[in-house]
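# Tertiary structure, described
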Amino acid sequence: MSRTFILYTLGLFALLGIIFIGVLTKITWDASHARAIRVTEAFFEATKRPFERAIWTVNAEATLQLIRGLESLEVVERVWVETPDTGNFGDPVAGIRRAEALSYTLQSPSTILHKDAIGQVFILLDRNTISQEIFATVGYIVAAIVVYLLLLTFVIRTVFKRLIGRPLTDIVAYLSTPRLIEHPPDTVLMPGREDEIGILSSSLQSMVQRRHHDLQKIQEYQTNLEELVARRTEQLKLVQEELIQADNLAALGALVAGVSHELNTPLGNALMAATTINDSTDHLKTELDQQSLSKEALEKEIQRISDTADIIEKTLGRARELVGNFRQVAVDRQSEKKRAFNFDHIVRETLATLQPTLKKTSFSLDLNLKADVVIEAYPGAVSQVLSNLVENAIKHGYEGQNTGDIKIQTSVLNHRGGKKVLLSCKDFGVGIPEKNLKKVFEPFFTTKFGKGSSGLGMAICYQLVTEALNGSMSVVSKVGSGTEFSIEIPFRTPEPGKPETGIQVP
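Residues numbered from 1 in each chain as written. Predicted model: local features only at pLDDT ≥ 70, side-chain atom pairs only at ≥ 80, totals over all residues. Heavy atoms only, no water.

### Comments concerning the environment of Gly 198
Applied cut-off: Helix and strand assignments come from DSSP, with helices taken as H or I runs of at least 4 residues and strands as E runs of at least 2, each series counted from the N terminus. Partly exposed describes any residue whose relative accessible area lies between the buried limit of under 20% and the exposed limit of over 50%, with all areas from a 1.4 Å probe on protein chains only and scaled to the type maximum. Whether two residues are in contact is decided by their heavy atoms, any of which lying within 4.5 Å being enough.
Of note, Gly 198 is situated in helix H5 (residues 196–289). Among the residues examined, Gly 198 registers a relative accessible area of 5% and is labelled buried. When the C-alpha positions of Gly 198 and Pro 167 are compared, they lie 8.7 Å apart, and in sequence the two are 31 residues distant. In this structure, Gly 198 is in contact with Met 190 and Arg 193, ignoring residues within four places of it in sequence.

In structure tokens form, the structure reads like this:
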């Protein structure tokens, strides 16, 4: 910086010096030239009378002596005289040099005759002599300026280095200290200085100290934050596990209530049929005891007992079917053991357990199942996810509506990385705003907080799909056009001879 400052300063002074020297040279030239003219004119005035007498008397020798006398002047280079009658005296020049010569008119010295011009004296000044004089004068001045600039450079460099350069170097070295913010030096940078440099260094040190304290606080916050995040993460995992367990138990409770309600009808019908058979047997016994039983009455009671037995068989078969579905789904939801099962079968079983709830509403299921493959996975997770999706469609997808269709589709996808089974649940309800789509799977996110929703349904589904089933879950929705949840679950074919479990529901 000091070199740059000195270069700029000296460059400016050199430019000003050149301008000054040019002006000085012009002024000196004009002054020297004018002085030479004055000296020549004074000397010529002293010799003018002798020139005129010598020319008038045609005295060539006297004229030449006068010419040599003028040429003896230091500033005169050449002198010659031109006359109209007697010719020229001296060595005249021509061209540009003739135009530069001073000329003076000689007149007749006669007092009787008119003072007519008798000749012209030309005096050519010596430019080299004037130039040498000017160069000598200007040379001394230039030498003085150069010496002055050198001294000025030394003085400026010394003052600049002491007042500005060295302090700035110390500031740069301070700022270049390794890990300055982490370990700032304790020494004062510019002690005792109260000028702008001192204020700058003090401000820099204060700023570094503030950044150091801020960094310490940030590090403390980070340490505490990491511990807090780890603790909260563990707590959240525990809460999620408890909520998943609670959700499983709640689902089982709802399942038990629904199946119990469904079992009331077939079991009631079976009880009524059993009562009818009991009445018929009592009637036959009475008739036999009284020996009044006729063939027609016997055939009638036998037909009645046969019809009632058919009713009992059908109702108990329906009850057995419901209990079987209930038992399978209950076992799947509570067991985390991986097993082989037919994917479409577990979908039908799960939907069969939801029928008691759906019968109380005007909502209907539209099934398009094309994943009739046996996979090895966790059927309980599939059942719970599907139940949550259907319940979510009824509760949120058709919010404010009393009727609607829920479309359930399954299919098998072939990818380069292997096979996947696709399960989608689509409603045609109110849809999800775009700003909420990215938050659907976040824990505790719900638009009905405080209205019976915990915001964990979709988060649990996402966790089951991504962690338990090792799959992926996505959602597509448009306000007013409905919502579709899609689940892709990779699978591999079970080992040969491994039994498939699950009850097929037509």
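### Quick word on the sheet that holds strand S9 (residues 418–427)
Rule in force here: Should DSSP find at least two bridges between two strands, the strands are taken to pair. Angles here are taken between N-to-C directions and fall from 0 to 180 degrees, while the axes themselves are lines fitted to C-alpha atoms, restricted in helices to the stretch in contact.
Taking strand neighbours across the sheet as the criterion, the five strands line up as S6-S8-S9-S11-S10 in an open arrangement whose pairing is mixed. One side of each edge strand has no neighbouring strand; the edge strands of this open sheet are strand S6 (362–369) and strand S10 (472–478). Direction aside, neighbouring strands of the sheet carry axes that sit 15° apart on average. Pairing of S6 with strand S8 (residues 403–415), which is carried by eight bridges, proceeds in the parallel orientation. Looking across to S8, one finds that Ser 364 is bridged to Asp 405. Against the sheet, helix H10 (residues 457–468) contacts S10 and strand S11 (482–491), and its axis sits at roughly 140° relative to S10.

### Some remarks on unusual backbone geometry
Non-glycine residue Val 58 carries a positive phi angle of around 55°. With respect to the secondary-structure elements, Val 58 resides in the loop between helix H1 (2–56) and helix H2 (60–71). One non-glycine residue with positive phi stands out, namely Asn 470, at about 60°. Note that Asn 470 resides in the loop between H10 and S10.

### A short note on the pairing of S8
Pairing analysis gives 10 bridges linking S8 to S9, with the strands arranged antiparallel. The partner of Val 412 across the bridge, within S9, is Val 421. Connecting S8 to the antiparallel partner S9 that follows it, the hairpin turn spans two residues.

### Focus on the packing of aromatic side chains
Note the cut-off: Whether two aromatic rings pair depends on their centres lying within 6.5 Å, for rings of Phe, Tyr and Trp, where Trp uses its six-membered ring; planes under 30 degrees apart make the pair stacked, over 60 edge-to-face, and the rest tilted.
This structure, assessed with the given rule, holds four aromatic pairs. Aromatic pair Trp 80 and Phe 122: ring centres 5.3 Å apart, planes at 15°, arrangement stacked. In this pair, Trp 80 sits in strand S1 (residues 76–83) while Phe 122 sits in strand S4 (residues 117–125), placing the two residues 42 residues apart along the sequence. Summarising the burial analysis for this pair, Trp 80 and Phe 122 share the class buried. Ring plane angle 25° and centroid distance 5.0 Å describe the contact between Phe 441 and Tyr 462, whose orientation is recorded as stacked. Placement of Phe 441 in the loop between helix H9 (434–437) and H10 and of Tyr 462 in helix H10 is noted, with a sequence separation of 21 residues between them.

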